[in-house]
Amino acid sequence: MMQEELPMLYNQYKITIPHVFVYNIELRGKDYIQVKQRDSSIHATEREGSGAGGVSKDFTVSAQETTFISRNLPAIRQDESYCWCPEDYKVQVSFDLQGTQFTPNEYKPYSQKWEDVDKQLLKPENTQFGEHLSLTNPFRPETKQAYNSEMNFEEKIICAFQVLKKKMAWNGRYQLYSKELEKVIKKGSGSNADLNFILISILKDFGLEAYPVVMSRRSSGMLPYNFPSLQKLNTFFVAIHDINKQKYVFLDSSMDVPAFNILPLELSVNKARMLSLKEKEEKKWVNVMALSHNKSFMKIDARIEGNQVKGHRSTVLYGQEAIEYQANENHKQDNLVSNPENKVSQKEKLTVTNLKVKKQENDWALIEEEFDFVLQADRTDDHLYINPMLFPQLKSNPFIQTERVLPIEFPYPYKFTMLSTLTLPEGYEVEELPQSQSIRSEGDGLQCKYMIQQQGNTILLNYVFHLKGYIFLSEQYKQLQELWAKVIEKNNALIVLKKI
């Protein structure tokens, strides 16, 4: 590591490697590393025989001396927001021993291929991993009672998951191996690895093909680019093969609900590996980020009566947006409490009635919500001030630093769409109307459209916020900061109505 939490003025690392050792050397942040190489040699001693009769013989081995130098590297904070694993982005040099070559014609490879890592994990004598893939369903009586031969593919998975969650609780830990699975089953709680091995056994009992998908968690850092690494793997989730549709469904036992292809954010990586010997190499790599479409659609119909805005709001949420809603059902982004009673938020001057939340049967990745509302408008003697969005999507700019060293990593890409119709009161005319604006970043990683128009006594607003990318480079920070500020400005823009 050439970069730390304090600024680094100068960092030098010198290593001399004999030519008999062949290393794969990976540089991260190579633009900041100066590399110098020169031929060298290492003196060594070989001893034949032991004790007093032993003979020592000196010899020289040709080598290469490499020096890595970095200068004036800025500090990297370990607690930076919008960054899962700062270690990933430190300027660094890593070494992987590829093999040895003690004679010109005697090369012995050491580095593994990913297929070798697969075999190492899957072999039956691996008591902490491969052995558990032939586990007999420990909850056969319960699953036999819940199972129905008429179930389709999705229903079988949901049934298996629900039986597992009735019998086992997740202990909050993500792990790769399971050391004492029998004790875990008796205890009734375990890591996601423990629960996933049991889930696979139940799914196989239902006649489904299920495989582990190994990975490195987001907070633990990315897998190496250039070489396979068993040591960097630290957990897995489950892939279930749909034979009819010839595709996979992904699930993890740490989840509260069996929402297909929507994994916990800690497991949402762009590189995970499926341990299936039947699949071709290119199909073994899974990009979890590309599995689900995360979006929400909000429709508002409102009218102004006196100094109040009364209306109806309906929202449909998909993917991670729906899962987050369920996880925070009692702490909505509007600071509303989800129950059918009338609730008033003093801060927002908002009253909500007739709240209804509709969950789709067997589809946890879709939520529908609707309610009626009354919102207090700001007014003076002859003016009314109304935000046409009524429920702003963004309220503050999290990017307040003047500079940033690390990239910006969002939890996931998503799209938010709002259609708002606002009927104006009689006796007022529009004095000021916010301007329509289209905002986008270079490369279209972020797009925002704010289109507003007046038609008679109605204001129509079409607002779309689309975060297409989830990683922005540190060089894009200032642009992102400025774009976010413009978007928030639109979120807070007001219509000014003047009494006629």
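Residues numbered from 1 in each chain as written. Predicted model: local features only at pLDDT ≥ 70, side-chain atom pairs only at ≥ 80, totals over all residues. Heavy atoms only, no water.

Peer 1: Can you lay out the packing of aromatic side chains for me, pointing to particular residues and giving the numbers?
Peer 2: By the definition in use, this model includes 30 aromatic pairs. With a centroid separation of 4.6 Å and an interplanar angle of 35°, the aromatic rings of Y147 and F206 are classed as tilted. Of this pair, Y147 sits in the loop between α2 (140-146) and α3 (153-167) while F206 sits in the loop between α5 (192-205) and β9 (209-215); the two residues are 59 residues apart in sequence, bridging distant segments of the chain. Y147 sits in the partly exposed class, given a relative accessible area of 30%. Three or more aromatic residues joined by ring pairs form one cluster here, namely Y82, F399, F410, Y412, Y414, F465, F472, Y477 and W484. (Phe/Tyr/Trp six-rings, centres within 6.5 Å; stacked < 30°, edge-to-face > 60°. Helix = DSSP H or I, 4+ residues; strand = E, 2+ residues; numbered from the N terminus. Buried < 20%, exposed > 50% of the residue type's maximum accessible area, 1.4 Å probe, protein only.)

Peer 1: Describe the sheet that holds strand β13 (residues 285-286), and please don't skip the residues or the numbers.
Peer 2: Ordered by their spatial adjacency, five strands build an open sheet running β11-β10-β9-β12-β13, and the pairing between neighbours is antiparallel. The open sheet terminates on both sides in strands that have one partner only, identified here as β11 (247-251) and β13. Bridge count for strand β10 (residues 235-242) against β11 is five bridges, and the pairing is antiparallel. Within the sheet, the bridge partner assigned to A239 lies in β11 and is F250. Seen against the sheet, α3 touches β10 and β11 and runs at an angle of roughly 145° to β10. Against the sheet, α5 touches β9, β10 and β11, its axis set at about 15° to β10. (Pairing = 2+ DSSP bridges. Contact = heavy atoms within 4.5 Å. Axes fitted to C-alpha atoms, helices over the stretch in contact; angles between N-to-C directions.)

Peer 1: Please give an account of a positive patch on the surface that cites residues and values.
Peer 2: On the surface, a cluster of positive charge is contributed by K295, K415, K449 and K468. Among the structural elements, K415 can be located in strand β22 (residues 414-423). We classify K415 as partly exposed; its relative accessible area is 34%. (Patch = residues over 30% accessible without salt bridge, like charges linked within 9 Å, V, L, I, M, F, W, Y side chains within 5 Å. Areas by Shrake-Rupley, 256 points an atom, 1.4 Å probe, with all protein chains shown as cover. Salt bridge = Lys/Arg side-chain N within 4 Å of Asp/Glu carboxyl O. Lys, Arg positive; Asp, Glu negative; His and termini not counted. Charge placed at Lys NZ, Arg CZ, Asp CG, Glu CD.)

Peer 1: Any chance you could break down the confidence of the model for the protein for me, citing the residues and the numbers?
Peer 2: Taken as a whole, the protein shows an average pLDDT of 91; of its residues, 96% reach a score of 70 or greater. Below a pLDDT of 50 lies the segment residues 333-346, which in the model reaches 26 contacts outside its immediate sequence neighbourhood of four places, other chains included. (pLDDT = per-residue confidence, 0-100.)

Peer 1: Outline the pattern of salt bridges, listing residues and values.
Peer 2: Per the stated rule, a full pass over the model turns up 23 salt bridges. Across the pair E26 and R28 runs a salt bridge, and its minimum N-O distance is 3.6 Å. In this pair, the class of E26 matches that of R28, namely buried. Residue K349 is joined to D378 by a salt bridge in which the shortest nitrogen-to-oxygen separation is 3.6 Å. Taken together, the residues K349 in the loop between β16 (343-345) and β17 (350-360) and D378 in strand β19 (residues 378-379) connect sequence positions 29 residues apart.

Peer 1: Residues and numbers for the environment of S276, please.
Peer 2: One can find S276 in the loop between β12 (272-274) and β13. A relative accessible area of 1% places S276 in the buried class. Taking C-alpha positions, S276 is 39 Å from T417, a pair spaced 141 residues apart along the chain. Those residues in contact with S276, other than ones at most four positions away along the chain, are Y211, Y248 and K284.

Peer 1: Requested: an account of a nonpolar patch on the surface, with residues and values cited.
Peer 2: Judged by side-chain polarity, F21, Y23, I25 and F102 come together as a nonpolar surface patch covering roughly 360 Å² of accessible area. Among the elements that make up the nonpolar patch, the one with the highest residue count is strand β2 (residues 21-28) (three residues). Residue position: I25 is located in strand β2. Residue class for I25 comes out partly exposed when judged on its relative accessible area of 31%.

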